[in-house]
Amino acid sequence: MPTTTATRPLKTLERVLSKAGIGSRVDARRWIHAGRVAVNSEIIRNPDHWVDLERDRVHFDNRPLQVRERLYVLLYKPTGYLTTYRDPQRRPTVYDLIADVGTFVSPVGRLDLDTSGLLLMTNDNAFAERVTNPASHVPKTYLVKASIRLTDAQLQQLRDGIELSDGPTRPATVSRVRDSEKYTHFEITLTEGRNRQVRRMVEALDAAVLKLVRVRIGSIGIGKLPIGKWRMLTPEEVQGLAQG
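Residues numbered from 1 in each chain as written. Predicted model: local features only at pLDDT ≥ 70, side-chain atom pairs only at ≥ 80, totals over all residues. Heavy atoms only, no water.

## Details of the packing of helix α3 (residues 125-132) against helix α6 (residues 235-243)
What counts is decided by this rule: Helix axes are fitted to C-alpha atoms over the stretch in contact, other axes to C-alpha atoms as well, and angles between N-to-C directions run from 0 to 180 degrees. To qualify as a helix, a DSSP run of H or I must reach at least 4 residues; to qualify as a strand, a run of E must reach at least 2; elements of each kind are numbered from the N terminus. Oblique is the label for every angle not falling under 35 degrees (roughly parallel), over 145 degrees (roughly antiparallel), or within 65 to 115 degrees (roughly perpendicular). Crossing handedness follows the turn of the near helix against the far one: under a right angle anticlockwise gives a left-handed crossing, and clockwise gives a right-handed one. Contacts were defined at the residue level, with two residues in contact if any of their heavy atoms lie within 4.5 Å. Asp, Glu, Lys and Arg are counted as charged, while Ala, Val, Leu, Ile, Met, Phe, Trp, Tyr, Cys and Pro are counted as nonpolar; the rest, among them Gly, fall into the polar class.
At their nearest, the axes of α3 and α6 sit 8 Å apart, and the two run at 60° to each other. Comparing their axes, α6 and α3 come out oblique. As α3 packs across α6, the resulting crossing turns out to be left-handed. Between α3 and α6, the contacting residues are F127, R130 and V131 on the first element and V238, L241, A242 and Q243 on the second. Considering only residue class, the contact of α3 with α6 consists of five nonpolar, one polar and one charged.

Right, here's the structure in full:
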């Protein structure tokens, strides 16, 4: 069934709960199965039950479901933290760092375990879609430490596009920051977000990434925010990313 009709929007019950900002979709499914959610005064235990957002009345724990205030969080994610809500192995997650936000927010994209830097989190799904959709071409900038000294020709390859297993990458903006005796530090800005893209591009040059930090998304930079800390985006920052 489509998520919209010609006259009114429809969404699954689990999405209605998660989009309201009260918990993750995993939480929503558990609550629904437990009988804590009612639609039009009837307990619904099917998370995939379709809800008419304009006509149906949804209650959670016998209280009308209310959409939480839209929040936009910028977190300086350290390495060693997963961008997920819960980990079966009980490793640290980014949610350990934002426990005092007060409302459930979801990551806007991901940073892998060994990558640090700017991570946006929000309960505004439309905003998240705008930032992560490749068609939006929102630039994301990273600082990279390569395992070898890269030549100018190799950096130009990154600029021009690298052939990966899932196709060639888009042209990138690349600048050399500095070289040490063994390593090159460079900055790269991408307008797409494939899985492990920066690492795979460097590996295609017969090198490896020793350190990877995302420092900017669009016009928003990590600034002087301490690692492991978070702040709210300003209205101007939200508007800048939402409108491109």
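Structure's up, so let's keep going.
## Examining the sheet that holds strand β6 (residues 63-64)
To keep things clear, this is the line we draw: At least two bridges found by DSSP between two strands is the condition for calling them paired.
With antiparallel pairing, the four strands of this open sheet are ordered in space as β3-β2-β5-β6. Looking at strand neighbours, the two that pair on one side only are β3 (42-43) and β6, the edges of this open sheet. Judged from the two bridges that link them, strand β5 (residues 58-60) and β6 form a sheet pairing that is antiparallel. Across the sheet, residue H59 finds its bridge partner in β6, namely P64.

## Digging into the side chain of Q197
The test is simple: Relative accessibility thresholds used throughout: buried, under 20% of the residue-type maximum; exposed, over 50%; partly exposed, between the two (1.4 Å probe, protein chains only).
Residue position: Q197 is located in helix α5 (residues 197-203). Judged by relative accessible area, which is 3%, Q197 ranks as buried. The contact partners of Q197, leaving out residues within four places of it in the chain, are T169, L190 and E192.

## A look at unusual backbone geometry
For S41, which is not a glycine, the phi torsion comes out positive at approximately 70°. Here S41 lies in the loop between β2 (37-39) and β3. Despite not being glycine, R196 has its phi angle at roughly 50°, a positive value. Assignment of secondary structure puts R196 in the loop between β14 (184-190) and α5. A relative accessible area of 37% means that R196 is categorised as partly exposed.

## Some remarks on the confidence of the model for the protein chain
Operational definition: On a scale of 0 to 100, pLDDT captures the predictor's confidence in every residue.
Chain-level statistics for the protein chain give a pLDDT mean of 91 and a share of 96% at 70 or above. Within the model, the stretch residues 1-6 combines pLDDT values under 50 with eleven contacts to residues more than four positions away or in other chains.

## Considering the pattern of salt bridges
Rules: Take a side-chain nitrogen of Lys or Arg and a carboxyl oxygen of Asp or Glu: if they are within 4 Å of each other, that pair is a salt bridge.
Summed over the entire model, instances satisfying the criterion amount to 16 salt bridges. The salt bridge involving R29 is made with E14; its shortest N-O contact spans 2.1 Å. Separated by 15 residues along the polypeptide, R29 in helix α2 (residues 25-33) and E14 in helix α1 (residues 13-19) bring together distant segments of the chain. On the basis of relative accessible area, E14 is assigned to the buried category, the value being 4%. Linking D166 and R200 is a salt bridge whose minimum nitrogen-to-oxygen distance equals 2.7 Å. In this pair, D166 is assigned in the loop between β11 (163-164) and β12 (167-168) and R200 in helix α5, connecting sequence segments 34 residues apart. For R200, a relative accessible area of 16% corresponds to the buried category.

## Observations concerning the pairing of strand β10 (residues 140-146)
Of all seven residues making up β10, five are buried, and the element is well covered by its neighbours. Here β10 pairs with β14 via seven bridges, running antiparallel. Considered in β14, the bridge of T141 is made with T189. Relative to strand β15 (residues 209-217), β10 runs antiparallel, the two sharing seven bridges. Within β15, the position partnered with K140 by the bridge is I217.

## Concerning the packing of aromatic side chains
Operational definition: Any two rings among Phe, Tyr and Trp, with Trp reduced to its six-membered ring, count as a pair given centres within 6.5 Å; such a pair is stacked if its planes are under 30 degrees apart, edge-to-face if over 60, and tilted if neither.
All told, the structure shown has five aromatic pairs when counted by the stated rule. When the centroid spacing of 4.9 Å and the interplanar angle of 45° are considered together, the rings of W31 and F60 count as tilted. Of this pair, W31 sits in helix α2 while F60 sits in strand β5; the two residues are 29 residues apart in sequence, bridging distant segments of the chain. What makes W31 buried here is its relative accessible area of 12%. Residue F60 is classed as buried on the basis of its relative accessible area, which comes to 16%. These aromatic residues form a ring-pair network of at least three members: Y85, Y95 and F104.

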